[in-house]
Amino acid sequence: MSYSQKSNTPIVSIKPVLRIENLYICADKGKEHRLLVKDLSLEIRPGETVALVGESGCGKSVTAGAVLGLLPHNLQVTEGRIWLGGEDITSLPDKKRRKLRGSRIGFVFQDYQGSFTPFIKVGSQLVETLRSHQKWSRKEAKQIALEWLGEAGLPAERVYESYPFQLSGGQLQRAAMASAMMLKPALLIADEPTTALDVLAGERVLDLLAKLQAQTGCAVLLISHDLRHVMKRADMIAVMCGGQLRELERADKIMREASHPYTRMLLEAKPHLFEIEKRHREEAMMAEALMAETKEDSA
Ligand SMILES: Nc1ncnc2c1ncn2[C@@H]1O[C@H](COP(=O)(O)OP(=O)(O)OP(=O)(O)O)[C@@H](O)[C@H]1O
């Protein structure tokens, strides 16, 4: 049986928001075909978080691309089905897929800078996003955008009036999260949302994700190469290796007893990563202290 870790209530009876059934994704190169994803199946229910983890190149992002309908032209879903709330979206035409993105499927990527156009103010971009999906007036859309920037723990008015390059990476990623959630999608795909951030900013983004998920009840597919980092954030863990799912299990069970040797290897790899993160944090603190000193000196 599946449980929500956050509420510890059984969620198996609730219909899945996302159901991936026996998915195969293939790359064409001339006459060559390469299978990138093989026979992958998973489900995510409302309010549930499934973390899709595995090392670089194992097929996490192409799986997300298939759900979003954003696969590059040389990649195809050759077998299997993708269901969103009971609707088979596997081969929906591009126009219908585009409508789903943003409204029913929100997404946040590692590259937070790519989430915004550089020389347009963040507020205008949020307003355009809202108005492209629903018939709000500019005034209404501005109000909603400000509310969501506030929900994301940002100084709403200032961020609204800022250009993307005037914000820090953490602030931009939180604005991107607000942008993804303000249309209240049924499913949010967060593909390595913290990888380009320092540890503290990354934790804040994951805290925000949990808070907004609790508010909206959306299902979350959280993609990461770092099992330990997302383990405590997820209800279920899906471990991928070489395009295949090796283990799909409740997060608390994986914490206690990962059964697949590859999962155990990912878990064991972490202490080393902890050291690296700790070093990065110490370096960031030292840099901050040095900057403060320099400012004091020049005052
Ligand atoms: N357009 C493409 N054409 C051919 N092969 C591709 C294409 N895009 C991705 N691949 C290959 O598909 C495999 C899976 O890639 P994918 O980006 O999904 O990995 P990933 O698990 O998300 O890794 P990372 O964490 O580094 O993003 C890799 O071998 C990659 O080289």
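Just so you know, these numbers come straight off a predicted model, no measurement behind them.

## What to know about helix α6 (residues 169-181)
No. 1: Under the 1.5 Å per step criterion, the end-to-end length of α6 is 18 Å for 13 residues, consistent within 8% with the ideal 18 Å.
No. 2: Buried residues in α6 make contact with β6 (105-109), α3 (122-133), α4 (138-151), α5 (156-160), β7 (187-191) and α7 (199-216).

## Describing the domain arrangement of the protein chain
No. 1: Parsing the protein chain into structural domains produces domain 1 (1-104 + 187-201 + 215-268) and domain 2 (118-184).
No. 2: Distance from the C-alpha centre of domain 1 to the C-alpha centre of domain 2: 27 Å.
No. 3: Listed per partner, the contact involves 8 residues of domain 1 and 9 residues of domain 2.
No. 4: Counting only elements with at least two residues in the side of domain 1 that touches domain 2, the list comes to α2 (94-103) and α7.
No. 5: Partitioned by chemical class, the residues of the side of domain 1 that touches domain 2 number 5 nonpolar, 3 polar and no charged.

## A short note on the pairing of β6
No. 1: A large share of β6 lies buried, amounting to 5 of its 5 residues.
No. 2: The alternating pattern of β6 places Ile105, Phe107 and Phe109 and Gly106 and Val108 on opposite faces, both of which are buried.
No. 3: Taken together, the 5 bridges between β6 and β7 define a ladder with parallel strand orientation. Paired with Ile105 across the strands is Leu187, a residue of β7.

So, how was this worked out
- Residues numbered from 1 in each chain as written.
- Predicted model: local features only at pLDDT ≥ 70, side-chain atom pairs only at ≥ 80, totals over all residues.
- Helix = DSSP H or I, 4+ residues; strand = E, 2+ residues; numbered from the N terminus.
- Expected span 1.5 Å × (residues − 1).
- Contact = placed C-beta atoms within 7 Å.
- Domains from an automatic or database assignment.
- Nonpolar A, V, L, I, M, F, W, Y, C, P; charged D, E, K, R; others polar.
- Buried ≥ 20, exposed ≤ 12 C-beta atoms within 10 Å, placed from the backbone.
- Pairing = 2+ DSSP bridges.

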